[in-house]
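# What the coordinates show
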Amino acid sequence: MKFATLNNGLKMPQLGFGVWQVPDDQATTAVSKAIEIGYRSIDTAMIYKNEKGVGKAIKDSGISPEEFFITTKVWNSDHGYDNALRAYEESLERLGLDFVDLYLIHWPTPNYDQYVDTYKALEKLYKDGRVKAIGVCNFEVEHLKRLLAECEVTPVLNQIECHPYLAQNDLKEFCAKHDIFIEAWSPLDQGGEVLQDKTIQQIAQAHGKSPAQAVLRWHLQNNTIVIPKSVTPSRIKENFQVFDFELSVDEIEQINGLNINRRKGSHPNEMHMG
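Now for a description of the structure that goes with this document. In this text the structure is predicted, and so the values were computed from the model without any measurement.

Each value, and the rule that gives it
Residues numbered from 1 in each chain as written. Predicted model: local features only at pLDDT ≥ 70, side-chain atom pairs only at ≥ 80, totals over all residues. Heavy atoms only, no water. 1 Å grid on protein atoms, 1.4 Å probe; cavity = no way out; pocket = protein on both sides within 12 Å on 5 of 7 lines; lining within 4 Å. Points joined across faces, edges and corners; volume = space filled by probe spheres on them. Nonpolar A, V, L, I, M, F, W, Y, C, P; charged D, E, K, R; others polar. Buried < 20%, exposed > 50% of the residue type's maximum accessible area, 1.4 Å probe, protein only. Helix = DSSP H or I, 4+ residues; strand = E, 2+ residues; numbered from the N terminus. Pairing = 2+ DSSP bridges. Right-handed = clockwise from strand over helix to strand, strands pointing away. Disulfide = S-S within 2.5 Å. Phe/Tyr/Trp six-rings, centres within 6.5 Å; stacked < 30°, edge-to-face > 60°. Lys NZ or Arg CZ within 6 Å of the ring centre and 35° of its normal. Contact = heavy atoms within 4.5 Å. Axes fitted to C-alpha atoms, helices over the stretch in contact; angles between N-to-C directions.

Now for empty space enclosed by the protein. This structure, assessed with the given rule, holds one cavity of 30 Å³ or more. By volume, the largest cavity amounts to about 30 Å³. Surrounding the largest cavity, Trp107, Asn138, Glu140, Ile160, Glu161, Gln168, Arg263, Ser266 and Pro268 form its lining. Broken down by class, the residue content of the lining of the largest cavity amounts to three nonpolar, three polar and three charged.

What follows is about the pairing of strand 9 (residues 181–185). By the criterion of burial, strand 9 is predominantly enclosed, with five of the five residues buried. Burial along strand 9 is two-sided: Phe181, Glu183 and Trp185 facing one way and Ile182 and Ala184 facing the other are all buried. Sheet topology places strand 8 (residues 157–161) next to strand 9; five bridges connect them, and they run parallel. For Leu157, the partnering residue across the bridge sits in strand 9 and is Phe181. Read from strand 8 through helix 6 (residues 169–177) to strand 9, the crossover connection turns out right-handed. Pairing between strand 9 and strand 10 (residues 225–226): two bridges, direction parallel. Its bridge partner being in strand 10, Ala184 is matched across the sheet by Val226.

For the rest of this paragraph, the subject is the state of the cysteines. Using the criterion set out here, one finds zero disulfides in the structure. No disulfide involves Cys137; its sulfur sits 12 Å from the nearest other cysteine sulfur, which is in Cys175. With no disulfide of its own, Cys151 lies 15 Å from the sulfur of Cys175, the closest cysteine sulfur.

What follows deals with the packing of aromatic side chains. All chains considered together, the criterion is met by seven aromatic pairs. Plain terms: the ring middles of Tyr39 and Phe240 are 4.7 Å apart, the flat faces sit at 50° to each other, and that makes the pair tilted. Remark: Phe240 occurs in helix 9 (residues 233–240) and Tyr39 occurs in the loop between helix 1 (24–37) and strand 4 (41–43); sequence separation between them is 201 residues. Here Tyr39 and Phe240 have matching classes, each one buried. One cation-aromatic arrangement involves Arg146 over Tyr115; the distance from NZ or CZ to the ring centre is 5.3 Å. If you follow Arg217 out to its NZ or CZ, it ends over the ring of Phe245, 6.0 Å from the centre.

Here Gly53 lies in helix 2 (residues 51–61). Gly53 sits in the buried class, given a relative accessible area of 4%. Measuring from C-alpha to C-alpha, the distance between Gly53 and Val31 comes to 8.3 Å, with 22 residues separating the pair along the chain. Apart from the residues lying within four places of it in its own chain, the contact partners of Gly53 are Asp24, Ala27 and Thr28.

Glancing now at the sheet that holds strand 10. Strand order across the open sheet formed by eight strands is 3-4-5-6-7-8-9-10, with parallel pairing between neighbours. The open sheet has two free edges, formed respectively by strand 3 (17–18) and strand 10, since each of these has just one partner strand. As judged from the three bridges shared by strand 4 and strand 5 (residues 69–74), these two strands associate in the parallel manner. Looking across to strand 5, one finds that Asp43 is bridged to Thr71. Sheet contacts for helix 3 (residues 81–95): strand 5, strand 6 (100–105) and strand 7 (131–137); angle to strand 6, the most-contacted strand, approximately 135°. Across the sheet, helix 4 (residues 115–127) lies against strand 5, strand 6 and strand 7, angled at about 165° from strand 7, the strand it touches most.

So, about the environment of Trp20. Relative to the assigned elements, Trp20 resides in the loop between strand 3 and helix 1. Since its relative accessible area comes to 33%, Trp20 is described here as partly exposed. Expressed as a C-alpha distance, the spacing of Trp20 and Ser230, which sit 210 residues apart in the sequence, is 9.1 Å. The contacts of Trp20, once residues within four sequence positions are left out, are Tyr48, Ser186, Gln190 and Lys229.

Here's what the structure looks like:
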């Protein structure tokens, strides 16, 4: 496993396990399998409605919570200072944990203009030692600029949709300048066309790897944190086997050249409370 050193000195596994769209009753099985394979970073969220299942897998593993890196998120309907503080306590209760390593704002929902107050609640949790690091998801440059201007703690990372067809180059450049890591959700384009791309398939074949492994390797070598999701044991294992090969500079450039700025998810400015 390779680790990213966040801007507050905390180390985070560069490859984690995501549980978006995994029902609570399946989350325990999937996360337990991931833990067995070697994953220690688990990414969940209140809105995924599977924090209880994730927490059960952690407890059932018999491994100390200190050995894990757990991320969860405050949802849009819990924006605002007091709401966010309450939402954090509720997430901890569902997870059965005394703390999480990383607490994120799930979306900026700029139409409601509460993300600064929400982030200030996260700052309080961080300053009080209730959470080891804080950050954001789906923030565009304009939203990050406001946080940097109006808040005290720089987010450790920005979790965004990112894959070879949506490289997010401008956002990556801004975040790198401010020592904010990029973490990719849907790093494999949700198993979509990216994995059918001839360039990706040829590069994967050259290394005796799957297209998914080639794409994950591209993310890792671009200094991006990744959280691929799967409930299939063989794929959970396959996604973990990406540290025994390396893409060449030319191969990285070939994949970089596939960017067409195409999203699968919502644009951050269009996301509502929901």
